[in-house]
Amino acid sequence: MESRREKIIRLLSSTREPLDAQQIARELGLSPREAKLIYDDLMHIARSLRNSPLTLYMVPPTCRSCGYVFRDLKRLRKPSKCPRCRSQRISPPKFLISAERR
Ligand SMILES: [Zn+2]
């Protein structure tokens, strides 16, 4: 049986548009308990793909109010608040796996 991480890799390799954690959870029918582990899974996936032709790309989270881009995430997650305008309207990071070099 495919592990959850293998399913995420398969999903993100076949999608055209980058997906956020919620979309990944929905596509794979994950329980809320499993959905909490997605960012953790993605960290492991990024590391495990290092020695393969595939790369995990992330579209960084952005603030929907002022356009601030969260480029230096210490931890992979959806930030709760914008450091520039304090808005909580943050679009979550999105992910895609591709063999292309960008
Ligand atoms: Zn902002």
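My aim in this report is to walk through the structure given alongside it, one point at a time. As the structure is a computational prediction, the values presented were derived from the model and not from experiment. (Residues numbered from 1 in each chain as written. Predicted model: local features only at pLDDT ≥ 70, side-chain atom pairs only at ≥ 80, totals over all residues.)

**Topic: the overall build of the chain**
Note the cut-off: Helix and strand definitions here come from DSSP, where helices need a minimum of 4 consecutive H or I residues and strands a minimum of 2 consecutive E residues; each element is numbered from the N-terminal end. As defined in this context, the radius of gyration uses C-alpha atoms, and a globule is described by 2.2 Å times the residue total to the power 0.38. In this scheme every C-beta is placed from the backbone, and a residue whose C-beta has 20 or more other C-beta atoms within 10 Å is buried, one with 12 or fewer is exposed, and one in between is partly exposed. A residue pair is marked as a contact if its C-beta atoms, positioned from the backbone, fall within 7 Å.
Helices and strands together make up the secondary structure of the chain, namely 4 helices and 5 strands. Starting at the N terminus and walking to the C terminus, you meet the elements of the chain as α-β-α-α-α-β-β-β-β. Expected size for 102 residues packed as a compact globule is a radius of gyration near 13 Å; at 14 Å, the chain falls within 12% of this value. Scored against the burial criterion, the 102 residues of the chain give a buried share of 16%. Looking at the chain alone, contacts between residues at least 24 apart form 56% of all its contacts between residues at least 6 apart.

**Digging into the nonpolar core**
Soluble globular proteins tend to bury their nonpolar side chains together. Under the convention used in this document: By definition, a nonpolar core groups buried Ala, Val, Leu, Ile, Met, Phe, Trp, Tyr and Cys residues that connect through C-beta atoms lying within 7 Å of each other.
Counting residues in each nonpolar core, the largest one holds 11 residues, listed as Ile8, Ile9, Leu12, Leu19, Ala21, Ile24, Ile38, Leu42, Leu56, Phe95 and Ile97. Among the secondary structure elements, those contributing two or more residues to this core are α1 (4-14), α2 (21-28), α4 (38-48) and β5 (94-98). Element by element, the count of residues in this core is highest for α1, at 3 residues. Ignoring any residue separated from it by four or fewer positions in sequence, one finds phenylalanine 95 in contact with Leu12, Pro18, Leu19, Leu42, Leu56, Tyr57 and Met58.

**So, the pairing of β5**
The cut-off we apply is this: Two strands qualify as a pair provided DSSP detects at least 2 bridges between them.
Alternating positions in β5 separate cleanly, Phe95 and Ile97 being buried on one face and Lys94, Leu96 and Ser98 remaining unburied on the opposite face. In this sheet, β5 lies alongside strand β1 (residues 19-20) in antiparallel orientation, the contact comprising 2 bridges. In the sheet register, leucine 19 faces β5, and the bridge partner there is phenylalanine 95. As defined by bridge partners, strand β2 (residues 55-59) adjoins β5 across 5 bridges and the pair is classed as antiparallel. Considered in β5, the bridge of methionine 58 is made with phenylalanine 95.

**Some details on the packing of α1 against α4**
Condition: Here the axes come from fitting lines to C-alpha atoms, over the contacting stretch only for helices, and the angles between their N-to-C directions go from 0 to 180 degrees. The labels follow the angle: roughly parallel below 35 degrees, roughly antiparallel above 145, roughly perpendicular from 65 to 115, and oblique for the rest. Ten residue types, Ala, Val, Leu, Ile, Met, Phe, Trp, Tyr, Cys and Pro, are classed as nonpolar, four, Asp, Glu, Lys and Arg, as charged, and the remainder, Gly among them, as polar.
Viewed as axis vectors pointing N to C, α1 and α4 meet at an angle of 75 degrees, and their least axial separation amounts to 10 Å. Classified by the angle their axes make, α1 and α4 are roughly perpendicular. Residues Arg4, Arg5, Ile8 and Ile9 of α1 touch α4, and the partners they reach there are Asp41, His44 and Ile45. Residue composition of the contact of α1 with α4, by class: 3 nonpolar, 1 polar and 3 charged.

**A look at the environment of arginine 77**
As for its placement among the helices and strands, arginine 77 is situated in the loop between β3 (62-63) and β4 (90-91). Look at arginine 77 and you get partly exposed, because 14 C-beta atoms sit within 10 Å. Here the alpha-carbon distance between arginine 77 and alanine 21, two residues 56 residues apart in the chain, equals 9.1 Å.

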